[in-house]
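Fold and contact review
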Amino acid sequence: MPAQTFDERRLVGVQAERITNVSSRDFPGHYPGEDHAWDLSNFKKNLKVKVQRLSQHSIDFDLIGVDASIANAFRRIMIAEVPTVCIEQVFVWNNNSVIVDEVLSHRIGLVPLNVDPALMTMRGPNDQPTDRNTIVFSVDVTCERNPNAPKGSTNPT
């Protein structure tokens, strides 16, 4: 193979008496003899951002040329800094399903809401709920057994 395409680091050599090309993995990308000191000019040269999809409310993009820890740092920053509206309190009156109230509340809290945060005002701990700081959703679902269903049927209808 040409030297340009063959990367010796990716292959572990197994000889009769020893193993070669094994390096310490103290941090991502470490290989003996390489300098991985952080350099802004290197970072700028290697970083590429490819926008895959762009809409009014979301963007899908690929970060290319960065370590997974850097990509994760960007992800965490965006989660913390992008304003969102989420479900904070769930009141359960009568739940006789197989899902316990706490798990149901947690799953409801994970539902993304398509609400513009600019239209809402932040509610303080002692503020009363108003139409500017509160959205109320009501879910009324009943699962009733079909008395005419054949015995052992798994079809929901």
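Read on for a plain summary of the structure. (Residues numbered from 1 in each chain as written. Predicted model: local features only at pLDDT ≥ 70, side-chain atom pairs only at ≥ 80, totals over all residues. Heavy atoms only, no water.)

1. A short note on the overall build of the chain
Broken down by element type, the chain carries three helices and four strands. Within the chain, the proportion of its 157 residues that are buried is 6%. Counting only carbon and sulfur atoms, one obtains 55% of the accessible surface of the chain, whose full area is about 14700 Å². (Helix = DSSP H or I, 4+ residues; strand = E, 2+ residues; numbered from the N terminus. Buried < 20%, exposed > 50% of the residue type's maximum accessible area, 1.4 Å probe, protein only. Areas by Shrake-Rupley, 256 points an atom, 1.4 Å probe, with all protein chains shown as cover.)

2. Concerning the pattern of salt bridges
Per the stated rule, a full pass over the model turns up one salt bridge. Measuring nitrogen to oxygen at the nearest pair gives 3.2 Å for the salt bridge that ties Asp60 to Arg53. With a relative accessible area of 42%, Arg53 lands in the partly exposed category. (Salt bridge = Lys/Arg side-chain N within 4 Å of Asp/Glu carboxyl O.)

3. What to know about the pairing of strand E4 (residues 59-64)
Strand direction decides the pairing type here: strand E3 (residues 48-54) and E4, joined by six bridges, are antiparallel. Residue pairing across strands places Leu54 opposite Ile59, the latter belonging to E4. (Pairing = 2+ DSSP bridges.)

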